[in-house]
Each structure stands twice: as C-alpha cells, then as structure tokens.
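# Descriptive structure summary
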Amino acid sequence: MTVQYLRQLSCVIGTPGGAALDFSDFWVKFQVRRGDYQNPNSCDLRIHNLKDATANRIVNEFSYLQINAGYGPQGGGDFGLIFQGVIKQVRKGRVDQLLTYVDVTAADGDRKSVV
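Here is a short report on the structure shown in this document. (Residues numbered from 1 in each chain as written. Predicted model: local features only at pLDDT ≥ 70, side-chain atom pairs only at ≥ 80, totals over all residues. Heavy atoms only, no water.)

### Focus on the overall build of the protein chain
When its secondary structure is counted, the protein chain shows one helix and seven strands. Along its sequence from the N terminus, the protein chain presents helices and strands in the succession β-β-β-β-α-β-β-β. When burial is assessed residue by residue, the protein chain has 35% of its 115 residues classed as buried. For the protein chain, the share of sequence-separated contacts (at least 6 apart) that also reach a separation of at least 24 residues comes to 53%. Looking at the protein chain as shown, the accessible area adds up to about 7400 Å², and 48% of this sits on carbon and sulfur atoms. (Helix = DSSP H or I, 4+ residues; strand = E, 2+ residues; numbered from the N terminus. Buried < 20%, exposed > 50% of the residue type's maximum accessible area, 1.4 Å probe, protein only. Contact = heavy atoms within 4.5 Å. Areas by Shrake-Rupley, 256 points an atom, 1.4 Å probe, with all protein chains shown as cover.)

Structure (structure tokens):
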C-alpha cells in the first residue's frame with residue numbers, strides 16, 4: 001500500500017452493535033455533502049473490486065457506514081470522524097471486464113443514531 005502524503009482512511013460498514021467490515025485497505029472513493037435543516041447530510045461511497053460474497057453482505061446484512069479520515073501521527077495526528085450514518089441504498093456494478101464496484105449511499109440526521 002502506498003503512503004499518500006501521510007493520509008489515513010478508516011471505512012467501516014456494519015450493523016449496530018454487531019458485525020462490521022473494515023474497508024480501509026481497499027480502493028475507496030467517497031463524497032460527503034453537508035445538508036441543511038430540511039435535508040440530512042449524505043455520503044456517496046464507492047468500493048472497488050470486492051468479492052461477490054462481500055458485496056452481497058453489504059447489500060443484505062449491513063445498515064450503517066462510518067468514515068474516519070485525516071493524517072496519522074507522522075502528519076500531525078489530525079484524524080477523526082468524517083461521516084456516520086444509515087445506509088439508504090446499495091448498488092453493485094461493473095466499469096469493464098476487470099473493474100467492479102459497490103456504491104453505497106448513506107444519510108445521517110434523518111433517524112436516531114444507529115451506533
């Protein structure tokens with residue numbers, strides 16, 4: 001794994017108080033959008049090249065998403081919670097013959113805390 005300017009990412013998908021999977025070492029892209037008083041904060045997450053069994057667990061079993069990001073101890077130690085919310089939608093897809101992905105859309109603030 002390459003070190004990108006000492007950045008760290010922790011991406012955990014799971015169930016409240018139960019099983020969870022950590023996708024910190026996977027190719028992950030995410031975008032967090034700040035809501036307003038009518039709309040919750042939301043996060044779109046894409047995880048590339050998961051096994052079918054793992055992708056199916058996300059679709060069928062898991063209900064929350066938590067993302068922590070920042071810089072590790074070598075980069076100043078500013079590492080913390082970026083997003084935590086309830087999974088609203090999961091989509092599996094394929095970019096080409098080799099590259100697959102799982103898209104997860106989550107929101108916070110529209111339900112009581114799940115964690």
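### Structural notes on the pairing of strand S4 (residues 41-48)
For S4, the tally of buried residues reaches six of eight residues, placing the bulk of the element in the interior. Sheet analysis places strand S3 (residues 28-33) next to S4, joined by six bridges and oriented antiparallel. By the bridge assignment, Lys-29 is partnered in S4 with Arg-46. As defined by bridge partners, S4 adjoins strand S7 (residues 100-108) across eight bridges and the pair is classed as antiparallel. Paired with Cys-43 across the strands is Ala-106, a residue of S7. (Pairing = 2+ DSSP bridges.)

### Observations regarding the pairing of strand S6 (residues 79-94)
In summary, the side chains of a regular strand alternate between the two faces of the sheet. Across seven bridges, strand S5 (residues 64-71) lies against S6 in antiparallel orientation. Looking at S6, one finds that Tyr-64 is bridged to Val-86. Across eight bridges, S6 lies against S7 in antiparallel orientation. Following the sheet pairing, Gly-93 is matched in S7 by Tyr-101.

### A closer look at the pattern of salt bridges
If you walk through the whole model with that rule in mind, you get three salt bridges. The shortest N-O distance in the salt bridge between Arg-33 and Asp-44 comes to 2.9 Å. Taken together, the residues span a long stretch of sequence, with Arg-33 in strand S3 and Asp-44 in strand S4 at a distance of 11 residues. Of the residues examined, Arg-33 reaches a relative accessible area of 34% and is grouped as partly exposed. For Glu-61, the salt bridge goes to Arg-57, with nearest N and O atoms at 3.4 Å. With relative accessibility at 42%, the residue Glu-61 sits in the partly exposed group. (Salt bridge = Lys/Arg side-chain N within 4 Å of Asp/Glu carboxyl O.)

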